[in-house]
Amino acid sequence: MTTTQIHLIHIEIYLLGLELFGIFLNRILNKKNYKIIGVMSGTSIDGLDLVYVYFEKKEKWTYKIENSITYSYSKEWSQKLKTSVSLSNSDLVALDQDFTLLLSKKILKFINEFSIKDVDAISSHGHTVFHDPKNKFTYQIGNLPEISKQIGHKVICNFRQQDVKLGGQGAPLVPVGEKYLFSEYDSCVNLGGFANISKTLNEKLIAYDICPVNTVLNYLSNKINLDFDKDGEVSRSGKLIEDLYIKLNELEYFNKNYPKSLGIEWVNSTIMPLLNQYPSQVEDLLHTYSCHIAEQVSNNIKNEKNVLVTGGGAKNKFLINLINKKLNNNVIIPDHSLIDYKEAIIFGFLGVLRLLNIDNCYSSVTGSSKDHCSGDIFLP
């Protein structure tokens, strides 16, 4: 066989490869529905949320929850996650490996528990340990490549790092999903570890963190041997500490323009020293901090009439009553499945956008240098 013939064969193989890739890409781009497992672990460390969601593109994107569950963290894992921010580099690497294995086991348990057969991809947020966009650094554990091999499915994860490298906050990411799936609302507020908001302003999607919520409320509840303050009953029984309430609302962050975001580091350095001035007044601290949350949330949505509120804080009746009083009852609380799993649903959808190479991070939201499509794709 001559050198020319060999070259021609190589060219034919190359062209065949391009053709097959084109067929594969066309199949993905023309696909109108996806079955995705969305996985979310929030900063409030109240459990691992998993949803199996059917997404379909018609005139607009729609979703249907097929299965959902929350796996609570063991006391050991809860403590590990709470103290992860203070670990040495080597210990953090080990924790990342262990958490990746834990995620894999929980996802496989979910698949087996509900006999799930058809999965296009698993889209996972991981668990945030560090978030310091000012210094271009964010770190979520559980996003290691071996997760896909352990599960045996395609995994999409690590959504925040690319945005931070592009000069963005790396957060919040949920608003892009809200734009596609919940566009009928004037704004969407999530009351999770932190309160965040998304809305359209001057025809641009904007979003930002408002203030800490369950990171602080759960911390205070733990002081009186409660995992959390159910329905806000303990908060309701307390009294307002006026000077603390004023100091909280005067913090510099609340006067900053968006885009802006918060991390647990800010809570530890800024909020905790104020709370620690009143060590024996837990009920009053819960009451005062709830009033502070209501003040900050209402300040950011006071002109809107159709506000969707989700996240664990949406179940806090005392907190929602405080917010509603300030907003003339314009807050809409959906059914519990959406309250509990909205973030997991949306991270599942961000995975769909990543598969389609459609931008899932907007510069108007995060402050990055450009809109972009973020997320690592790992194959088994």
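The preceding data block contains the structure.
Source: prediction; values computed, not measured.

**Some words on the overall build of the protein chain**
Counting secondary structure elements, the protein chain contains 14 helices and 13 strands. On C-alpha atoms alone, the protein chain measures out to a radius of gyration of 22 Å, which is about the 21 Å that the 2.2 N^0.38 rule sets for 380 residues. Reported as C-alpha extents along the three principal axes, the dimensions of the protein chain are approximately 90 × 45 × 40 Å. Taking as baseline every contact in the protein chain between residues at least 6 positions apart, the subset at least 24 positions apart corresponds to 71%.

**Quick look at the pattern of salt bridges**
Applying the stated criterion across every chain, the model contains 9 salt bridges. Residue K31 is joined to D120 by a salt bridge in which the shortest nitrogen-to-oxygen separation is 3.7 Å. Of this pair, K31 sits in the loop between α1 (3-30) and β1 (33-41) while D120 sits in the loop between α3 (89-113) and β4 (121-124); the two residues are 89 residues apart in sequence, bridging distant segments of the chain.

**Re helix α11 (residues 282-301)**
The terminal C-alpha atoms of α11 lie 29 Å apart, and with 20 residues this matches the ideal 28 Å at 1.5 Å per residue to within 8%. Burial analysis of α11 places 18 of its 20 residues in the buried class, the great majority of the element.

**What about the sheet that holds strand β8 (residues 187-191)?**
Judged by pairing direction, the sheet is mixed, and its 5 strands sit side by side in the order β10-β9-β8-β11-β12 without closing on themselves. Both edges of this open sheet fall to β10 (204-212) and β12 (331-332), since each of them pairs with a single strand only. Sheet topology places β8 next to strand β9 (residues 194-201); 5 bridges connect them, and they run antiparallel. What sits directly across from V189, in β9, is I197.

**Side note on helix α13 (residues 336-355)**
Think of an α-helix as turning once every 3.6 residues; residues three or four places apart then point the same way. Taking 1.5 Å of rise per residue, 20 residues should cover 28 Å, and α13 covers 29 Å from first to last C-alpha, within 8% of that figure. The largest bend along α13 reaches roughly 60° and is located at K342. Of all 20 residues in α13, 15 are buried, a share of seventy percent or more.

**Considerations on the pairing of β1**
Among the 9 residues that make up β1, 7 are buried, leaving the element largely enclosed by the rest of the structure. Where β1 meets strand β2 (residues 48-57), 9 bridges bridge the pair, whose relative direction is antiparallel. Bridged to Y34 within β2 is F55. Between β1 and β2, which pair antiparallel in sequence order, lie 6 residues; one of them, I45, sits at a positive phi of approximately 55°. In this sheet, β4 lies alongside β1 in parallel orientation, the contact comprising 4 bridges.

Rules behind the numbers
- Residues numbered from 1 in each chain as written.
- Predicted model: local features only at pLDDT ≥ 70, side-chain atom pairs only at ≥ 80, totals over all residues.
- Heavy atoms only, no water.
- Helix = DSSP H or I, 4+ residues; strand = E, 2+ residues; numbered from the N terminus.
- Rg over C-alpha atoms; globule rule 2.2 N^0.38 Å.
- Contact = heavy atoms within 4.5 Å.
- Salt bridge = Lys/Arg side-chain N within 4 Å of Asp/Glu carboxyl O.
- Expected span 1.5 Å × (residues − 1).
- Buried < 20%, exposed > 50% of the residue type's maximum accessible area, 1.4 Å probe, protein only.
- Pairing = 2+ DSSP bridges.
- Bend = angle between axes of the 7 residues up to and from the residue.

Purely spatial values, then, with no claim about function.
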